[in-house]
Amino acid sequence: MPTKQKKYTCPHCEAELQAFELPEAGGWDQKHHLACFNNDCSYYRRGWDWMLAHYNAKVSYRYRLDPESGKDSPIAVWSETALLDRIVNTDVVPAKKKAPKKPVKKAVKPVKKKAQKKDVRRVKPKSRAK
Ligand SMILES: [Zn+2]
């Protein structure tokens with residue numbers, strides 16, 4: 001079998017697009033589309049801010065490509081893991097073994113609370129009644 005499969009990459013982050021299964025209610029001819037599932041994708045990253053600013057919605061979208069028509073369009077996602085369960089494991093053998101990139105989380109130091117002395121000064125109301 002010739003491996004003539006063209007590799008599609010995201011124009012925004014150059015990550016390889018992954019096939020995912022379309023929701024059945026989507027009304028698409030194909031069963032699968034390709035999308036960029038890179039969480040560091042600039043397109044996807046910008047989407048959060050953009051949607052929040054324009055629609056006050058906490059959603060974003062990923063770059064999606066219809067391999068049949070070559071048309072791309074955004075596909076809405078509502079979380080970082082949305083649609084991930086739909087990714088189809090094609091028989092494409094990944095050329096490079098990708099080390100899973102873990103987002104570097106800043107170590108959150110527990111904030112030591114200073115034992116604050118309670119400043120319970122009692123303010124006596126001045127009786128100015130004269
Ligand atoms: Zn991308």
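Treat the numbers as computed from the prediction; the structure is a model and nothing was measured.

Chemist: Explain the overall build of the protein here, please?
Modeler: If you tally the helices and strands in the protein, you get one helix and four strands. Listing every helix and strand of the protein by position from the N terminus yields β-β-α-β-β. Across the 130 residues that make up the protein, the buried fraction comes to 16%. Here the contacts in the protein between residues at least 6 apart in sequence split such that 44% fall between residues at least 24 apart.

Chemist: Which parts of the structure should I look at to understand the environment of Pro 11?
Modeler: Looking at the secondary structure, you find Pro 11 in the segment before β1 (18-21). The exposure class assigned to Pro 11 is partly exposed, which follows from the 13 C-beta atoms found within 10 Å. Taking the C-alpha atoms as reference points, Pro 11 and Cys 36, separated by 25 residues in sequence, lie 9.3 Å from one another.

Chemist: What exactly am I supposed to notice about the pairing of strand β4 (residues 71-77) here?
Modeler: Strand residues, when the strand is regular, have side chains that alternate between the two faces of the sheet. Alignment of strand β3 (residues 60-66) against β4, held across seven bridges, turns out to be antiparallel. Note on β4: the bridge partner recorded for Ser 60 is Val 77. Connecting β3 to the next strand, β4, in antiparallel fashion are four residues, including Gly 70 with a positive phi near 75 degrees.

Chemist: In this structure, what is going on with the nonpolar core? I would like to understand it.
Modeler: One recurring pattern in soluble globular proteins: nonpolar side chains tend to sit buried together. With 15 residues, the main nonpolar core has Cys 10, Leu 17, Leu 34, Ala 35, Cys 36, Cys 41 and Tyr 63 as its most contacted residues. Among the elements of the structure, β1, β2 (32-35), β3 and β4 are those that each provide at least two residues to this core. Other than its neighbours up to four places away in sequence, Leu 34 contacts Tyr 8, Leu 17, Gln 18, Ala 19, Arg 64, Leu 65 and Pro 67.

Chemist: Would you mind going over helix α1 (residues 42-55) with me for this structure?
Modeler: Note that an α-helix has 3.6 residues per turn; residues three or four places apart therefore point the same way. For α1, spanning 14 residues, the distance from its first C-alpha to its last is 19 Å, which sits close to the expected 20 Å at 1.5 Å a residue. Asn 56 sits one or two positions beyond α1 and adopts a positive phi of about 55 degrees.

Chemist: Even after reading the chapter, I still don't get unusual backbone geometry, so can you show me in this structure?
Modeler: Of all residues except glycine, most have a negative phi; of all peptide bonds, most are trans. Unusually for a residue other than glycine, Glu 14 sits at a positive phi of about 65 degrees. Along the chain, Glu 14 turns up in the segment before β1. Judged by local crowding, Glu 14 falls into the exposed class, with 10 C-beta atoms found within 10 Å. Despite not being glycine, Leu 83 shows a phi value in the positive range, around 75 degrees. By the element assignment, Leu 83 lies in the segment after β4. The class for Leu 83 is buried, based on 20 C-beta atoms found within 10 Å.

Reading the values: the criteria
- Residues numbered from 1 in each chain as written.
- Predicted model: local features only at pLDDT ≥ 70, side-chain atom pairs only at ≥ 80, totals over all residues.
- Helix = DSSP H or I, 4+ residues; strand = E, 2+ residues; numbered from the N terminus.
- Buried ≥ 20, exposed ≤ 12 C-beta atoms within 10 Å, placed from the backbone.
- Contact = placed C-beta atoms within 7 Å.
- Pairing = 2+ DSSP bridges.
- Core = buried A, V, L, I, M, F, W, Y, C linked by C-beta atoms within 7 Å.
- Expected span 1.5 Å × (residues − 1).

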